[in-house]
Amino acid sequence: MIVPSLSQNDIDLMRADTPGVNKLIHFNNAGTGLALAPVLDAVKKHLDLEATLGGYEAAHAASADYNSFYTSIAALIGSTPAEIAYVENATRAWDMAFYGIDFREGDRVITGRAEYVSNYVALLQMKRRKGIEIDLIDDDETGQIDTKALEAAITPKTRLIALTHIPTFSGLINPAEEVGAIAAKHKLLYLLDACQSAGQIPFNVNDIGCHMLSGTGRKYLRGPRGTGFLYVSDAVLDQIEPPFVDLQASEWLDENTYRLAPHAKRFETWERFVAGQIGLGVATSYAIGFGMERIGARICALGAQMRTELATLPGVSIHDKGQRKGGIVTFTVDGETPDTTKARLAKHQINVSTSQASSARIDLPLRDLDAVVRASLHAFNTEDEIELFVRTLASKAI
Ligand SMILES: *Cc1c(COP(=O)(O)O)cnc(C)c1O
């Protein structure tokens, strides 16, 4: 199936809604997506409402906007709104699911080389605390998680598959659906870190077959910082005990009893950045309005264009792996550290980031890399911006 990409008109509209594009070239969307005017407006409007009405009163007055966060995220990932929890970032969202599993000594967790640093450290903590074992699955020859090796690693002690859909340090898109089919066949819990994929590529939790999924607001979804979400399927609700409960997550019935809130609400906390939640709802429905299929097609096409153009530069090595690649492009320049490359581009108002081995201990060192430059493209970026970036990169003298 050929997915139509965004039209020039769509791209012009997106750029008109992105004030920052007039001042810089933003290729750090895997860090934070460049702010969207409608999101900024919604956040500011709510902060003003809090100032004029009072915070609780403002939340009450804006309850429709506030609730549209749940319907928007549900529409994005194909769940029901009740299966969505608002969480302040993707790390805590993932934690609420992971630490909610009642691990016993000897339980095994399967994961891969794309796993996010904070997730992996949590696995190590659970190993120290409860004596779980980590089965780290290697890449296949294309660089994605080796699904055959993954299936072969399953034992009667396996409790969970924890996979990162798109790593923070590479263009790779992991085969989340294939892993889901294996999880279903062996009746295993499946937790997907969709922090970089939410807003970057289209996906659906029913097609993937994950039971839990975490995402952040500020990256490819272009929501406010300090916002995130967790999906927990109703099908596994009784297997995940929220590691913390409060008055939002539960109802206090009498001196000795409480009852957990229905559905994914039990993974929430009461106090939150209400303006941020509203903003993330707006950002998500903005993406849905253009269509995730089309946004994803454009981001992947821009990523491919950047790799093609970088490949023509002498002394530049591209480090993305995987059968399927998205809008994150990683590379190094001979004779220059990634930090120097980043600083040199910054002088020309071009934002890129770097990924360090200290955040990718089970990936970059294996490829003899201490660090890589990361240019992460979004649908509002243009072919011309890529060309200017490549020219700037090539002219080392400047
Ligand atoms: C950024 C990132 C996270 C953490 O997201 P926060 O919102 O900063 O907690 C988790 N996983 C991946 C793959 C990421 O890129």
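(A) Here's a closer look at the nonpolar core. Formed by 58 residues in total, the largest nonpolar core has its most connected members in Ile84, Tyr190, Leu213 and Ile295. Split by domain, this core shows at least three residues from each of two domains, domain 1 (8-35 + 291-394) and domain 2 (40-289). In this structure isoleucine 84 touches Phe69, Tyr70, Ile73, Ala74, Ile77, Ser79, Phe229, Leu230, Tyr231, Ala264 and Glu268, once residues within four positions along its chain are discounted. Core analysis: the next-biggest nonpolar cluster, separate from the first, contains 29 residues, Trp94, Ala122, Leu123 and Ile134 among them.

(B) Representation of the packing of aromatic side chains in the model. Within this structure, the stated rule accounts for 9 aromatic pairs. Judged by centre distance (5.1 Å) and plane angle (55°), the rings of tyrosine 286 and phenylalanine 290 are tilted. Here tyrosine 286 and its partner phenylalanine 290 are both found in helix H10 (residues 274-290), 4 residues apart, which amounts to about one turn of the helix. You can call phenylalanine 290 buried: its relative accessible area is 11%. A centroid spacing of 6.0 Å and a plane angle of 75° characterise the contact between phenylalanine 331 and phenylalanine 389, whose relative ring orientation is edge-to-face. Of this pair, phenylalanine 331 sits in strand S12 (residues 328-333) while phenylalanine 389 sits in helix H13 (residues 383-394), and the two are 58 residues apart along the sequence. Relative accessible area serves as the criterion here: at 0%, phenylalanine 331 is assigned to the buried category. Classification of phenylalanine 389 by relative accessible area gives buried; the value is 0%. Taken together, the aromatic side chains of Trp94, Phe98, Tyr99 and Phe103 make up a single cluster linked through ring pairs.

(C) Just the sheet that holds strand S15 (residues 371-376), in detail. Ordered by their spatial adjacency, 4 strands build an open sheet running S11-S12-S15-S14, and the pairing between neighbours is antiparallel. On the outer flanks of this sheet lie strand S11 (316-318) and strand S14 (353-356), each paired with one strand and no other. Strand-to-strand twist of the sheet, defined as the mean angle between neighbouring strand axes without regard to direction, takes the value 40°. Relative to S15, S14 is paired through 4 bridges, and the arrangement is antiparallel. Within the sheet, the bridge partner assigned to serine 355 lies in S15 and is valine 372. In the packing of helix H11 (residues 292-311) onto the sheet, the strands contacted are S11, S12 and S15, and the crossing angle to S12 comes to about 15°. Along the sheet, helix H12 (residues 338-346) makes contact with S12, S14 and S15, crossing S14 at roughly 170°.

(D) Looking closely at the environment of lysine 342. Take lysine 342: it is sitting in helix H12. C-alpha of lysine 342 to C-alpha of threonine 354: the two residues are 12 residues apart in sequence and 7.3 Å apart in space. When neighbours within four sequence positions are excluded, lysine 342 is seen to be in contact with Val352, Ser353 and Thr354.

(E) Spatial organisation of the domain arrangement of the protein. Domain boundaries in the protein define domain 1 (8-35 + 291-394) and domain 2 (40-289). At the interface, 41 residues of domain 1 touch 33 residues of domain 2. Across the domain 1 to domain 2 interface the summed buried area is about 3,100 Å²; carbon plus sulfur atoms make up 55%. The three residues of domain 1 that bury the most area against domain 2 are Met292, Arg324 and Ile362, which together make up 23% of that side's buried surface. Taken together, the links from domain 1 to domain 2 amount to 1 salt bridge. When the shortest N-O distance is used, the salt bridge between lysine 321 and aspartate 139 registers 2.6 Å. The interface formed by domain 1 and domain 2 holds 20 residue pairs in polar contact (both at pLDDT 80 or more) in total. Counting residues per element, the side of domain 1 that touches domain 2 draws most heavily on H11, which supplies 7 residues. Here the side of domain 1 that touches domain 2 is built from residues that sort into 16 nonpolar, 16 polar and 9 charged.

(F) Molecular detail of the site of the ligand. As a structural note, the neighbourhood of the ligand is formed by 13 residues, with Thr91, Asp193, Gln196, Thr216 and Lys219 the closest of them. Here an oxygen atom of the ligand sits 2.5 Å away from a polar atom, N or O, in the side chain of threonine 91. Between threonine 168 and the ligand, the recorded distance is 3.4 Å, taken from a side-chain N or O atom to an oxygen atom. The residue inventory of the shell around the ligand, partitioned by class, reads 4 nonpolar, 6 polar and 3 charged.

(G) Expanded view of the environment of lysine 325. Along the chain, lysine 325 turns up in the loop between S11 and S12. Given the relative accessible area of 30%, lysine 325 is considered partly exposed. It is 22 Å that separates the C-alpha atoms of lysine 325 and isoleucine 350, two residues lying 25 residues apart in sequence. If sequence neighbours within four positions are ignored, lysine 325 has contacts with Gly171, Ile173, Cys300, Arg307 and Asp320. Within polar-contact distance, the side chain of lysine 325 engages the backbone oxygen of glycine 322 at 3.0 Å.

(H) Quick look at the pairing of strand S2 (residues 84-87). Along S2, one buried face is formed by Ile84 and Tyr86 and the opposite face, lined by Ala85 and Val87, is buried too. Across 4 bridges, the pairing between S2 and strand S8 (residues 228-232) is antiparallel. Looking at the pairing, valine 87 lines up with glycine 228 of S8.

(I) Structural view of the packing of helix H5 (residues 90-98) against helix H6 (residues 117-130). In contact at an axis separation of 10 Å, H5 and H6 are set at 30° when each is read in the N-to-C sense. With respect to their mutual orientation, H5 and H6 come out roughly parallel. Of the two elements, H5 crosses H6, and the hand of that crossing is right-handed. On H6, the residues touching Thr91, Trp94, Asp95 and Phe98 of H5 are Ser118, Asn119, Ala122, Leu123 and Met126. Per-class residue counts for the contact of H5 with H6 are 5 nonpolar, 3 polar and 1 charged.

What counts, and where the lines are drawn
One numbering rule holds for all chains: residues counted from 1, following each sequence as written. Residues qualify for local features only when their pLDDT is at least 70, as the model is predicted, and side-chain atom pairs are given and counted only at 80 or more; totals for whole chains, interfaces and linings, by contrast, use all residues. Side-chain numbers here rest on the full set of heavy atoms in the structure, without hydrogens or water. Residue types Ala, Val, Leu, Ile, Met, Phe, Trp, Tyr and Cys, when buried and joined through side-chain atoms within 4.5 Å, form a set referred to as a nonpolar core. Remark: exposure states derive from per-residue accessible area (1.4 Å probe, protein chains only) relative to the maximum for the residue type, with buried under 20%, exposed over 50%, and partly exposed in between. Bear in mind that the domain bounds are from an automatic or database domain assignment. Pairs of residues are marked as contacts when any of their non-hydrogen atoms sit within 4.5 Å. Classification of ring pairs uses Phe, Tyr and Trp, with its six-membered ring standing for Trp, and accepts pairs whose centres are within 6.5 Å; under 30 degrees between planes counts as stacked, over 60 as edge-to-face, and the remaining range as tilted. Numbering of helices and strands runs from the N terminus, with a helix taken as a DSSP run of H or I at least four residues long and a strand as a DSSP run of E at least two residues long. One bridge is not enough; two strands pair if DSSP finds at least two bridges between them. Simply put, an axis is a line fit to the C-alpha atoms, just over the touching stretch for a helix, and the angle between two N-to-C directions goes from 0 to 180 degrees. Accessible-area loss on putting two parts together, using a 1.4 Å probe and summing over both, is the definition of buried area adopted here. By definition here, a salt bridge exists when the distance from a side-chain nitrogen of Lys or Arg to a carboxyl oxygen of Asp or Glu is within 4 Å. Between N or O atoms, a polar contact is any pair within 3.5 Å; within protein, one atom must be a potential hydrogen donor and the other a potential acceptor, and residues adjacent in sequence are included only when both atoms are from side chains. When residues are grouped by polarity, Ala, Val, Leu, Ile, Met, Phe, Trp, Tyr, Cys and Pro land in nonpolar, Asp, Glu, Lys and Arg in charged, and all others, Gly among them, in polar. Residues are counted as near a molecule or strand when any one of their heavy atoms sits within 4 Å of it. Roughly parallel refers to an angle under 35 degrees, roughly antiparallel to one over 145, roughly perpendicular to one between 65 and 115, and oblique to any angle outside these ranges. Should the near helix be turned anticlockwise from the far one by less than a right angle, the crossing is termed left-handed; should it be turned clockwise, right-handed.

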